Amino acid sequence: LSLTAPAALAISPTTLTVSSLPSSALTYTTTGAVGTVTFTLTGATNSYSGATINASTGSVTVTAMPTVAQTAQTLTVKATDGLCQTSSSTLTLSVPALSLSPSTTTVTTLPTSTIAYTASNASGTTTFALSGATGSYTGATISSTTGAVTVTAMPTTTQGAQTLTITVTDGASRTATATLTLNAV
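Calculation criteria
- Residues numbered from 1 in each chain as written.
- Predicted model: local features only at pLDDT ≥ 70, side-chain atom pairs only at ≥ 80, totals over all residues.
- Heavy atoms only, no water.
- Helix = DSSP H or I, 4+ residues; strand = E, 2+ residues; numbered from the N terminus.
- Contact = heavy atoms within 4.5 Å.
- Salt bridge = Lys/Arg side-chain N within 4 Å of Asp/Glu carboxyl O.
- Buried < 20%, exposed > 50% of the residue type's maximum accessible area, 1.4 Å probe, protein only.
- Pairing = 2+ DSSP bridges.
- Axes fitted to C-alpha atoms, helices over the stretch in contact; angles between N-to-C directions.
- Core = buried A, V, L, I, M, F, W, Y, C linked by side-chain atoms within 4.5 Å.

Caption draft 1: Summary view of the side chain of Q162. Relative to the helices and strands, Q162 resides in strand β17 (residues 162-169). Q162 has contacts with G132, A133, T134, Y137, P155, L180, T181 and L182, leaving out every residue within four places of it along the chain.

Caption draft 2: Seen up close, unusual backbone geometry. Residue P13 is bonded to the preceding S12 through a cis peptide linkage, with omega at 0°. Tracing the backbone shows P13 in the loop between β1 (10-12) and β2 (15-18). Here the bond from S101 into P102 is cis, since omega is 0°, no more than 30 degrees from zero. With respect to the element layout, P102 can be found in the loop between β10 (99-101) and β11 (104-107). Of note in the backbone geometry, S47 takes a positive phi value of approximately 65° without being a glycine.

Caption draft 3: Molecular detail of the pattern of salt bridges. For the coordinates displayed, the defined rule picks out one salt bridge. D170 serves as the salt-bridge partner of R174, at 3.0 Å between the closest nitrogen and oxygen. By the burial criterion, R174 is buried, and D170 matches it.

Caption draft 4: Quick look at the sheet that holds strand β9 (residues 86-93). Spatially, β2-β9-β8-β5 is the arrangement adopted by the four strands of the open sheet, whose pairing is mixed. Across the chains shown, the open sheet's two edge strands, defined by having one partner strand only, are β2 and β5 (38-42). Taking each pair of neighbouring strands and ignoring which way they run, the sheet shows an average axis angle of 20°. Taken together, the eight bridges between strand β8 (residues 73-80) and β9 define a ladder with antiparallel strand orientation. Bridging from a neighbouring strand, Q73 pairs with L93 of β9.

Caption draft 5: Expanded view of the pairing of β9. Both β2 and β9 contribute to a ladder of four bridges, which runs parallel. The residue of β9 that forms the bridge with T15 is T90. Hairpin connection between β8 and β9: a loop of five residues separates the two successive antiparallel strands, and C84 in this loop has a positive phi of roughly 65°.

Caption draft 6: Main features of the sheet that holds strand β3 (residues 26-27). The strand order across the open sheet formed by three strands is β3-β7-β6, and the pairing between neighbours is antiparallel. Across the chains shown, the open sheet's two edge strands, defined by having one partner strand only, are β3 and β6 (51-53). Pairing of β3 with strand β7 (residues 59-62), which is carried by two bridges, proceeds in the antiparallel orientation. Its bridge partner lying in β7, T27 is registered against S59.

Caption draft 7: The nonpolar core, seen in detail. Grouped together as the largest cluster of nonpolar side chains are 19 residues, with contacts concentrated most on L100, Y117, V149, V151, I166, L180 and L182. Elements that contribute at least two residues to this core include exactly β15 (140-142), β16 (148-151), β17 and β18 (175-182). Broken down by element, the residue count for this core peaks at four residues, all from β18. Setting aside residues up to four positions removed in sequence, L100 forms contacts with Y117, T118, A119, F128, I166, V168, A176, T177 and A178.

Below you can see the structure in the form of structure tokens.
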């Protein structure tokens, strides 16, 4: 009589890092399972509740990324089969970076309206600033609360093209930048 030990249960992927909200569920699979496999998701901290798992399919749905206050989340996806074999995977959900859009803008003629800049993934209140003007150029200003840039005069050929930096700072002191180029006329 010979007995063959069952293959060890293995989960795949073994590690996964997600830095932005996924457009579909994250899929976990197993090999070497005996009987029914049950999946669990554990390890959330700081009141994070934006990820759930389907216990029978291993499909993880992420409905919200962690905030700055919640910090990055290192979760454990665990599979358990009918013989109580277990295998685990690490799922890391990063706090999305603060970003500013559009990231680059080039203006060749005097705009008829403001140029809007929008911060994404901000924590708390945002503050916008405009910098980088050279020479005597003073024809652009920014609303520190809305990020709207008003250009009242294009730079002259004497002043030269202006490459300005728009900086947004959020309540967690994170920053993001964008570039506005104003061609000389």
